Amino acid sequence: MSSIHLLSFISVGVFGMILAAAFCDIHWTPRKRLAMLGGMAVILIFQGIFY
């Protein structure tokens, strides 16, 4: 896998998760932001493992 392909893979995943979170009616607190970042990291790690 080339570095361009990997960068595209990661950026599309992050953009999709941020876009999905933007449609949720959430009052963003620092704790919820940290939980969102942690969840995004876990999802990206699992995507990388299964890819």
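If you're wondering where the values come from, they're calculated on a predicted model, not measured in any experiment.

1. Re the overall build of the protein chain
- Counting its regular elements, the protein chain contains two helices and zero strands.
- Computed over the C-alpha atoms, the radius of gyration of the protein chain is 12 Å, more than 25% above the 10 Å expected from 2.2 N^0.38 for a compact globule of 51 residues.
- Principal-axis analysis of the C-alpha atoms places the extent of the protein chain at approximately 40 × 15 × 15 Å.
- Here the protein chain holds 51 residues, and 8% of them are scored as buried.
- Surface summary for the protein chain: the accessible area is close to 4,300 Å², and the carbon and sulfur share equals 75%.

2. Quick look at the packing of aromatic side chains
- One pass over the full model with this rule turns up one aromatic pair.
- When the centroid spacing of 6.2 Å and the interplanar angle of 15° are considered together, the rings of Phe-46 and Phe-50 count as stacked. With Phe-46 and Phe-50 both in helix 2 (residues 30–50) and four residues apart, the pair spans about one turn of that helix.
- On the basis of relative accessibility, which here comes to 46%, the residue Phe-46 falls in the partly exposed class.

Cut-offs used in this document
By convention here, each chain's residues receive numbers from 1 onward along its written sequence. Given that the model is predicted, a residue must reach a pLDDT of at least 70 before its local features are reported, and side-chain atom pairs must reach 80 or more before they are shown or counted; all residues, however, enter totals for whole chains, interfaces and linings. The basis for every side-chain value is the complete set of heavy atoms in the structure, and neither hydrogens nor water enter the calculation. For the purposes of this entry, the term helix denotes a DSSP run of H or I that reaches at least four residues, the term strand denotes a run of E that reaches at least two, and both are numbered from the N terminus. The globule rule used here is 2.2 Å times the number of residues to the 0.38 power, and the radius of gyration it is set against is calculated over C-alpha atoms. Three exposure classes are used, based on accessible area relative to the maximum for each residue type with a 1.4 Å probe and protein chains only: buried under 20%, partly exposed in between, and exposed over 50%. All accessibility values rest on the Shrake-Rupley procedure with a 1.4 Å probe; residue burial counts only the protein chains present in the view. Think of it this way: a Phe, Tyr or Trp ring, Trp meaning its six-membered ring, pairs with another when their centres are within 6.5 Å, and the plane angle makes it stacked under 30 degrees, edge-to-face over 60, tilted otherwise.

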